[in-house]
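Results of the structural survey
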Amino acid sequence: GQSFLAIGDVAFDPSNPNTLYVGTGDPNISAYPFIGDGLWKSTDGGRTWQHLGLKEARIISKIIVDPLNSKIIYVAAMGLPFERNPHRGLYKSTDGGQTWEKVLYISQEAGMIDLVQSAAQPQVLYAAAWDRIRNNRESLVSGNSARVWKTTDGGSTWSKLEGGLPQTPKSRIALA
């Protein structure tokens, strides 16, 4: 019964398994990318849903709910794959998804494809960027923005990881 079929990620609230989040859009961005309309939340195990915004993000690749504070939510977004746009990046909410702040932005052609959080230190997160444009004139799959980024303060500041990681153009990066 939903307008957008593709689901990029599903995340459960670690403190309440009846609360879950669904990010729409297909992060694989294949020959015909399926876009989404943002982030959705259910507080009753998936029976009913509330839209939490981020419609312009179009493809949500990863959602993390902070294990110590359920009001803190991180959302990695690839943006609309058909064009360069400013809606790519990593978003953070500190009020349960009512408002959003973009805390990491690389470029108009690079979105965030993956995100992991330290279990021991939730303020430490790693984000992977991916240069990806897919339309009938262009299929960009790699670039200089495909890098791994780290924050130790919950997203206020970020540093690009270097120290042994390749610095040449890369493609999609997965984190574990």
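Presented here is an overview of the structure given in this document. As the structure is a prediction and not an experimental result, all values here were calculated from the model.

Now for the overall build of the protein. Looking only at helices and strands, the protein has zero helices and 14 strands in total. Secondary structure of the protein in N-to-C order comes out as β-β-β-β-β-β-β-β-β-β-β-β-β-β. Relative to the globule expectation of 16 Å for 176 residues, the C-alpha radius of gyration of the protein, 15 Å, shows essentially globular dimensions. In terms of overall dimensions, the protein has C-alpha extents of about 45 × 40 × 25 Å along its principal axes. Within the protein, buried positions represent 50% of all 176 residues.

Turning next to the pattern of salt bridges. Enumeration according to the criterion identifies three salt bridges in this entry. A salt bridge links Glu 162 to Lys 160; its shortest N-O distance comes to 4.0 Å. For Lys 160, a relative accessible area of 34% translates into the label partly exposed. Through salt bridges that share partners, Arg 84, Glu 109 and Glu 138 make up one connected network.

Counting residues in each nonpolar core, the largest one holds 14 residues, and the members touching the most others are Leu 90, Leu 104, Met 112, Leu 115 and Trp 158. When residues of this core are traced back to their parent elements, those giving at least two are strand S6 (73-77), strand S8 (101-104), strand S9 (110-117) and strand S10 (125-131). Ranked by residue count, the leading element in this core is S10, at three residues. Apart from the residues lying within four places of it in its own chain, the contact partners of Leu 90 are Val 75, Ala 76, Glu 101, Lys 102, Val 103, Leu 104, Met 112, Leu 115 and Trp 158. Counting 13 residues, the second largest nonpolar core, distinct from the first, contains Ala 11, Val 65, Ile 73 and Tyr 91.

Let's shift gears to the pairing of S9. S9 sits mainly inside the fold: seven of its eight residues count as buried. In this sheet, S10 lies alongside S9 in antiparallel orientation, the contact comprising seven bridges. Directly across from Ala 110, in S10, lies its bridge partner Asp 131.

Below, the discussion takes up the environment of Trp 149. With respect to the helices and strands, the residue Trp 149 is situated in strand S13 (residues 148-151). Residue classification places Trp 149 among the buried residues on the basis of a relative accessible area of 17%. Counting along the chain gives 80 residues from Trp 149 to Asn 69, while the straight-line C-alpha distance between them is 23 Å.

As a further point, take the packing of aromatic side chains. Counted by the stated rule, this structure contains one aromatic pair. Taking 5.4 Å as the distance between ring centres and 80° as the angle between the ring planes, the aromatic pair formed by Tyr 32 and Phe 34 counts as edge-to-face. Note on Tyr 32: relative accessible area 59%, which makes it exposed. The exposure class assigned to Phe 34 is partly exposed, which follows from its relative accessible area of 45%.

Here the focus is a nonpolar patch on the surface. On the surface, Ile 7, Val 10 and Phe 12 cluster together into a nonpolar patch covering about 280 Å² of accessible area. Take Ile 7: it is sitting in strand S1 (residues 7-13).

What counts as what
Residues numbered from 1 in each chain as written. Predicted model: local features only at pLDDT ≥ 70, side-chain atom pairs only at ≥ 80, totals over all residues. Heavy atoms only, no water. Helix = DSSP H or I, 4+ residues; strand = E, 2+ residues; numbered from the N terminus. Rg over C-alpha atoms; globule rule 2.2 N^0.38 Å. Buried < 20%, exposed > 50% of the residue type's maximum accessible area, 1.4 Å probe, protein only. Salt bridge = Lys/Arg side-chain N within 4 Å of Asp/Glu carboxyl O. Core = buried A, V, L, I, M, F, W, Y, C linked by side-chain atoms within 4.5 Å. Contact = heavy atoms within 4.5 Å. Pairing = 2+ DSSP bridges. Phe/Tyr/Trp six-rings, centres within 6.5 Å; stacked < 30°, edge-to-face > 60°. Patch = residues over 30% accessible without salt bridge, like charges linked within 9 Å, V, L, I, M, F, W, Y side chains within 5 Å. Areas by Shrake-Rupley, 256 points an atom, 1.4 Å probe, with all protein chains shown as cover.

Remember that the coordinates give geometry; whether it matters functionally is a separate question.
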